[in-house]
Amino acid sequence: MTVAEQAPPAGLTARLRTAAGLAPAGPYYFFFRHKALVRIAHWINALCLAILLMSGLNIFNAHPALYWGNTSDFRHPLLMLGAYQDDAGQVTRGVTQIGHREINTTGVLGASRFQGELVSRGFPSWATLPGGSWLAMARLWHFAFAWLFVINALVFFFYGLANGHFIRDILPTRANIAHLGKEILDHARLRFPHGEEARRYNGLQKIAYSAVIFVLGPLIVLTGLSMSPTMDAAFPLLPALFGGRQAARTIHFLCAFSFFAFFIIHIAMVVLSGTWNNLRSMITGWYVIKGARHD
Amino acid sequence: MTDPRRFLGRRKFLGHGLAGLGTLFLSGCYDLSEKPWFTGILGEVENLTRTVQHIFARPHTLAREFTKADIAPVFRANGTLDPGTADYNAHVQSGFRDWRITVSGLVERPVSLSLDDIRGLPQRTQITRHDCVEGWSCIGEWSGPQLALILAAARPKANARYAVFYCADPMTAEGDPDHRYYESLSLTEAMHPQTILAHRMNGAPLQVQHGAPVRLRCERQLGYKHAKYVERIVLVDSFAGINGGKGGYWEDQGYSWYAGI
């Protein structure tokens, strides 16, 4: 988020936008917010996460249960998505079992409609890639896009280190931490920074982005690798670090849903703090700041 | 005055737009899953994964071995639980007295072993974690001779690249002998110290549901590589002309030949 030297684009588009009332009333200026590499990495990452999550859910459906440790204790799963059948073999009910508790989740988890019929499947067809139960194909998608995800992340990581993006824009400062209470209140009231303050990320944003980049990202890759028997031979400490292969699989699953939770909050914040301005800045780099320029 | 309700609200428009894009994206992904050119590219990634993993996992890098206390109380049996053919049932009746395992193909000296021969070779016992492609794991103890010993006795020819394992379990309801389980390993993985022909499990003779009398154990690979009911081992230089040509029963159904991940 460096301050651009260029004058804001004042071409035909900008004039049309002002005429159409899309530009804010009163003084405003364009601020160059995201460099090209960050923008490209962002969208590659978005594509990868969508495909990885959905193909991951299809893979999970091959054995929709989670365990702790190295071995699967089939009698005591931490979580299991299952279905009940009647005497004729017709699926009647889908359930989510957490510990010893069973919750009826018919239609979404455990049993859902596929091609018109209620069938036994962990996650529903609309959430998985491919839509049908197809473990072999889901694995092909998952591993191919895992490579793209990791390569993209490494490029972003070394770029962020080398040009100071992490230090300057992402890592929370002491002042951020000090003002955290006020920021949480502001966010809860849906009051977002504007004007000059919108030129940098606020403390909550920095904490969220840091957690995703430096904790969640590495964790999901390492727990993913822990599930590979060949990688485990090469690095026996890897699954042990997470409490065993099945524990690593459980953590991998939790990481995936943490990514999903981040995605939902991220989209909500984008919409609440100005959909088009945010979208434009992540596509073209330019972000509109209301008020007069002070630099 | 224009009624503002006649226009789609901005948020609604965005919502519809995103839902539309999502649907387009999904149907695009589903379509691509059916396109051989695309799945071919996805499949190529398998070679990248294998190459990179083998930078770290050298030919003799061992899978972790566990202790007796780690052995799973229930070891799930998967795939074929009983071949059930007349031939196989007769073998079960006679305690596998006449069962033979042969090594042929690209070898200097074909080998044929009885179960007594297998038991008479130096044995390796290992407590290892079995990882199914579906996602679950079970720890068990396996005993048998190293495959490397048997292959060395057969003296592989220089052009031998893969060991193909032919099994007794039919994979069609009709029991068609042309559609039996088979699997394959690279010669490197076949010669790995933990690749054994296991005839004992958890201190007892191998049960029918786990592949009696002999199953393959290759501890750096997913479960589908661990062929049960092994009858014949054939060394080859390519999979061309062998069933679906992909090197294994599940591979012919679209699963990756490289099962290290």
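Please read all numbers here as calculations on a predicted model, not as lab measurements.

Rules behind the numbers
Residues numbered from 1 in each chain as written. Chains lettered and ligands numbered in written order. Predicted model: local features only at pLDDT ≥ 70, side-chain atom pairs only at ≥ 80, totals over all residues. Helix = DSSP H or I, 4+ residues; strand = E, 2+ residues; numbered from the N terminus. Rg over C-alpha atoms; globule rule 2.2 N^0.38 Å. Buried ≥ 20, exposed ≤ 12 C-beta atoms within 10 Å, placed from the backbone. pLDDT = per-residue confidence, 0-100. Contact = placed C-beta atoms within 7 Å. Nonpolar A, V, L, I, M, F, W, Y, C, P; charged D, E, K, R; others polar. Domains from an automatic or database assignment. Core = buried A, V, L, I, M, F, W, Y, C linked by C-beta atoms within 7 Å. Pairing = 2+ DSSP bridges. Axes fitted to C-alpha atoms, helices over the stretch in contact; angles between N-to-C directions. Expected span 1.5 Å × (residues − 1).

Asks: Hey, could you go over the overall build of chain B for me, with residue numbers and the actual values?
Replies: In terms of regular secondary structure, chain B is built from seven helices and 11 strands. The C-alpha radius of gyration of chain B comes to 24 Å, more than 25% above the 18 Å expected for a compact globule of 261 residues. With the C-alpha coordinates aligned to their principal axes, the bounding extent of chain B is approximately 95 × 45 × 45 Å. Across the 261 residues that make up chain B, the buried fraction comes to 37%.

Asks: I'd love a proper account of the confidence of the model for chain A, names of residues and values included.
Replies: With 91% of its residues at a pLDDT of at least 70, chain A reaches an overall mean of 91. This model gives residues 1-7 of chain A a pLDDT under 50, and the stretch forms nine contacts once residues within four places in sequence are excluded.

Asks: Can you tell me about the interface of chain B and chain A, naming the residues and giving the values?
Replies: Chain B puts 40 residues into the contact, and the matching count from chain A is 33 residues. Of all elements in the fold, only α1 (10-33), α2 (36-56), β3 (124-131) and β4 (137-144) of chain B reach the threshold of two or more residues within the side of chain B that touches chain A. Ranked by residues supplied to the side of chain B that touches chain A, first place goes to α2(B) with eight residues. Counted by class, the side of chain B that touches chain A contains 19 nonpolar, 13 polar and eight charged residues.

Asks: Quick rundown of the domain arrangement of chain A? Include the residues and the values.
Replies: Residues and elements named next belong to chain A. Under the domain assignment used here, chain A contains domain 1 (34-63 + 131-274) and domain 2 (66-122). Put simply, the middle of domain 1 and the middle of domain 2, counted by C-alpha atoms, are 28 Å apart. The interface of domain 1 with domain 2 comprises 12 residues on the first partner and 11 residues on the second. Of all the elements in the fold, those that place two or more residues in the side of domain 1 that touches domain 2 are α2 (36-61) and α10 (245-272). No other element matches the six residues that α10 contributes to the side of domain 1 that touches domain 2.

Asks: Can you break down the nonpolar core residue by residue, with the values?
Replies: By size, the foremost hydrophobic cluster in this structure holds 66 residues, and its most contacted members are A:Trp141, A:Phe145, B:Ala163, B:Phe165, B:Cys167, B:Leu197 and B:Val230. Apart from residues no more than four positions distant in its own chain, A:Phe145 is found in contact with A:Cys48, A:Ile51 and A:Leu52. If you look at the next biggest cluster of nonpolar residues, it comprises eight residues, including A:Met227, A:Ala247, A:Ile251 and A:Cys255.

Asks: Which residues make up the confidence of the model for chain B, and what values do they have?
Replies: All names here are of chain B. On average, residues of chain B score 93 in pLDDT, and 95% of them are at 70 or above. Contacts from residues 1-6, a stretch scored under 50 in pLDDT, to residues over four places away or in other chains number zero contacts. Overall fold confidence for the complex sits at a pTM of 0.92, while the interface term, ipTM, reaches 0.92.

Asks: Run through the pairing of β3(B), naming residues and quoting values.
Replies: Residues and elements named next belong to chain B. Relative to β4, β3 runs antiparallel, the two being bridged by eight bridges. Note on β4: the bridge partner recorded for Gln126 is Trp142. Taking the residues that link successive antiparallel strands as the turn, the β3-β4 hairpin has five residues, and the phi of Gly135 there is positive, at about 130 degrees.

Asks: Could you give an account of the pairing of strand β11 (residues 230-236) of chain B, naming the residues involved and the relevant values?
Replies: Residues and elements named next belong to chain B. Counting buried positions over the seven residues of β11 gives five, a clear majority of the element. Of the strand pairs in this sheet, strand β1 (residues 100-105) and β11 are connected by four bridges, and their pairing is parallel. Pairing of Thr102 across the sheet is with Arg232, part of β11. Judged from the six bridges that link them, strand β5 (residues 162-170) and β11 form a sheet pairing that is antiparallel. Of the residues in β11, the one forming a bridge with Cys167 is Val230.

Asks: How would you explain the sheet that holds strand β8 (residues 200-201) of chain B if you had to name every residue and give the values?
Replies: Adjacent strands of a sheet form backbone hydrogen bonds with each other and so pair up, either parallel or antiparallel. All names here are of chain B. An order of β3-β4-β8-β9 is seen for the four strands of this open sheet, with the pairing classed as antiparallel. Every other strand in the sheet has two partners, leaving β3 and β9 (204-205) as the edge strands with one partner each. Here β8 runs beside β9; their pairing, made up of two bridges, is antiparallel. Each residue of the ladder has a partner; that of Arg200, found in β9, is Pro205.

Asks: I'd like a rundown of the domain arrangement of chain B, residues and numbers included.
Replies: Interface size is commonly expressed as the accessible surface area that is lost when the partners come together. Along its sequence, chain B is carved into domain 1 (4-34) and domain 2 (62-252). One C-alpha centre belongs to domain 1 of chain B, the other to domain 2 of chain B, and the line joining them spans 50 Å.

Asks: Talk me through the environment of B:Ile196; I want residue IDs and the actual numbers.
Replies: For B:Ile196, the position within the fold is in strand β7 (residues 196-198). Overall, the presence of 26 C-beta atoms within 10 Å leaves B:Ile196 in the buried class.

Asks: An account of the sheet that holds β5(B) is requested, with residue identities and associated values reported.
Replies: Residues and elements named next belong to chain B. Taken together, the five strands give an open sheet; going across it, the order is β2-β1-β11-β5-β6, and neighbouring strands pair in mixed fashion. The open sheet is flanked by β2 (111-114) and β6 (180-186), the only strands paired with a single partner. Taking each pair of neighbouring strands and ignoring which way they run, the sheet shows an average axis angle of 15 degrees.

Asks: Can you break down unusual backbone geometry residue by residue, with the values?
Replies: Looking along the chain, the bond that leaves A:Leu129 and enters A:Pro130 is cis, with omega of -10 degrees. Residue position: A:Pro130 is located in the loop between β7 (117-121) and α3 (135-162). Residue B:Pro213 is bonded to the preceding B:Ala212 through a cis peptide linkage, with omega at 5 degrees. Mapped onto the elements of the fold, B:Pro213 is located in the loop between β9 and β10 (215-217).

Asks: Go over α3(A), please, and point to the residues and values.
Replies: Its 28 residues place the ends of α3(A) 40 Å apart at the C-alpha level, agreeing with the 40 Å of an ideal helix rising 1.5 Å per residue. Just downstream of α3(A) lies A:Gly164, where phi reads positive at about 85 degrees.

Asks: Just give me the short version of the environment of B:Glu231, but keep the residues and values in it.
Replies: All names here are of chain B. One can find Glu231 in strand β11. By the C-beta count within 10 Å, which is 21 here, Glu231 ends up buried. Measuring from C-alpha to C-alpha, the distance between Glu231 and Ser137 comes to 26 Å, with 94 residues separating the pair along the chain.

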